[in-house]
Amino acid sequence: MTRADRVDGGLMRPVLDGVRVIELAGIGPAPFCGMMLADHGAEVIRIDRPGGSDPLAQDQRRDVLLRSRRSITLDLKQPEAVEIVGRLVETADGLIEGFRPGVAERLGLGPDKLLLRNPALVYGRMTGWGQHGPLSDKAGHDLNYISLNGCLGALGSEGEPPPPPLNLIGDYGGGGMMLAFGFVAALLAARQTGEGRVIDCSMAEGSAALMAGMWSLTHNGMWDKGRGQNLLDGGAPFYACYACSDGAFIAIGAIEAQFYARLIDALGLSSDPLFAAQHDQSKWPAMKARLAAIFGSASRASWTERLQHRDCCYTEVLTMAEAPSHAHNRARGSYLEVGGLTQPHPAPRFIGTQVAAPQMWQRDSDRAEILAEIGVADPDRIAAT
């Protein structure tokens, strides 16, 4: 490690410093992947669409998913705009796109064309169903993509429809984060071999991979009942959320025997025969009802005072508004403000490494500089709208 690899204070540079990525504007998982890469030092150039790309018509200047990008607006239906993307690709390590299968090819920006211009290019493709298969050209959203792989069917209470679990599982966990992992893995391979890769990242398959642990429990006979009746889906009384007297909620995760013992001791239930056999599933409904009554008899603050120090896997269930103020989150700086907007700190952390300070996105903010870098002498000639 040379001093050139370090910045002020002796910190190592961000882990993706020197990596250049072209991001074709989209929504949801592809921007999340772009955010992950930018958060760790990659230079991400976002090719924005005229008129914007958000179907919810949000103010994209307040969109946390778009932070830390350079921006240029191009109408990709225009041949000269497609050529600009091609020239940018020649200078880049990778490209990510979230179009339906075939759209990039119709624009002249498919991997068949771009890998000719840059054989070491990592081409990341983000879709719901994948690049082929009976559903590959069908519309959908997170809720659809997690419905055919067992994810959605495993969530919720017995006898009730599965609740939409935000879009964390398909869009962000099985989609954007999986694509970011695939991108970095393919980048390592490209730097070793000089050959690029095309990543076919499907949210349906990515979220299915997140279910590997549930498949393990199933094969071991530990996940064999209906929804809401198993170990980790709210069926177990010692792994569940409870309402307090003030309308707030707490979470109990006392799976291991020692944590369970501490919990029932703190609640004065050590001698109660109902709680003697932790894993007797025939008693779980009665145990859960008893705990619900106990926790419902006092406020969340009182339970925190009573249980937090017992190390029994107890936490408060905080709202988004409450989370940044929690003592642990404040101590680690888990949230930050950029332009007056509260948002999560980049994750994961790398010890002894500089953090790429997030900045909020601004449309077309880097147009002249980006075009100048690839030798376009007359930026005004290239229509952006």
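Check the entry above for the structure.
These lines cover the structure that appears in this document, whether it is placed above or below. (Residues numbered from 1 in each chain as written. Predicted model: local features only at pLDDT ≥ 70, side-chain atom pairs only at ≥ 80, totals over all residues. Heavy atoms only, no water.)

Attention now goes to the nonpolar core. Side chains that are nonpolar tend, in soluble globular proteins, to be buried together. Ranked by size, the top nonpolar core spans 29 residues in total, and within it Val21, Leu37 and Phe183 carry the most contacts. Contributions of two or more residues to this core are made by α1 (29–39), β5 (122–127), α6 (168–193), β6 (197–202) and α7 (203–209). What Leu37 contacts, discounting residues up to four positions off in sequence, is Leu16, Val21, Ala42, Val44, Phe183 and Val184. Grouped together as the second largest cluster of nonpolar side chains are 27 residues, Ala236, Cys244, Ala254 and Phe259 included. (Core = buried A, V, L, I, M, F, W, Y, C linked by side-chain atoms within 4.5 Å. Buried < 20%, exposed > 50% of the residue type's maximum accessible area, 1.4 Å probe, protein only. Helix = DSSP H or I, 4+ residues; strand = E, 2+ residues; numbered from the N terminus. Contact = heavy atoms within 4.5 Å.)

What follows covers helix α11 (residues 300–307). Taken together, the buried positions of α11 are occupied by Arg300, Trp303, Thr304 and Leu307. Buried residues along α11 cover an arc of 105° about the axis, so they all sit on one side. Opposite the buried face of α11, by more than 90 degrees, sit the exposed residues Ala301 and Glu305. On its buried face, α11 sits against β8 (249–253), α9 (257–266), α10 (284–295) and β9 (314–317). (Arc of directions from axis to C-beta.)

Below, the discussion takes up the environment of Pro344. Topologically, Pro344 is positioned in strand β11 (residues 341–344). Expressed as a C-alpha distance, the spacing of Pro344 and Ser334, which sit 10 residues apart in the sequence, is 6.2 Å. Residue contacts for Pro344: discarding those within four places in its chain leaves Val64, Arg67, Ser334, Tyr335 and Leu336.

Turning to its location among the elements, Arg367 is positioned in helix α13 (residues 367–373). Here the side chain of Arg367 touches Asp364 through a polar contact of 3.4 Å, side chain to side chain. (Polar contact = N/O pair within 3.5 Å; in protein donor to acceptor, adjacent residues only side chain to side chain.)

Attention now goes to the sheet that holds strand β2 (residues 43–48). Whether parallel or antiparallel, the strands of a sheet pair through hydrogen bonds between backbone atoms. Judged by pairing direction, the sheet is parallel, and its six strands sit side by side in the order β3-β2-β1-β4-β5-β6 without closing on themselves. Of all strands in the sheet, those with a lone pairing partner are β3 (69–73) and β6, marking the two edges. Within this sheet the neighbouring strands show an average axis-to-axis angle of 20°, counted without direction. Strand direction decides the pairing type here: strand β4 (residues 94–97) and β5, joined by four bridges, are parallel. Across the sheet, residue Gly94 finds its bridge partner in β5, namely Val122. Where helix α2 (residues 79–90) meets the sheet, its contacts fall on β1 (20–24), β2 and β4, and the angle it forms with β1 comes to roughly 155°. Against the sheet, α6 engages β1, β4, β5 and β6, with an angle of about 165° to β6. (Pairing = 2+ DSSP bridges. Axes fitted to C-alpha atoms, helices over the stretch in contact; angles between N-to-C directions.)

Take the pattern of salt bridges next. Applying the stated criterion across every chain, the model contains 21 salt bridges. Of the charged contacts in the structure, one is a salt bridge between Asp265 and Arg310, with a shortest N-O distance of 2.6 Å. Of the two residues, Asp265 sits in helix α9 while Arg310 sits in the loop between α11 and β9, which places them 45 residues apart along the sequence. Asp265 gets classed as partly exposed once you look at its relative accessible area, which sits at 42%. We note a salt bridge from Arg290 to Asp272, for which the minimum N-O separation is 2.6 Å. Remark: Asp272 occurs in the loop between α9 and α10 and Arg290 occurs in helix α10; sequence separation between them is 18 residues. On the accessibility criterion, Arg290 (36% relative accessible area) is partly exposed. According to the relative accessible area criterion, Asp272 is buried, its value standing at 17%. (Salt bridge = Lys/Arg side-chain N within 4 Å of Asp/Glu carboxyl O.)

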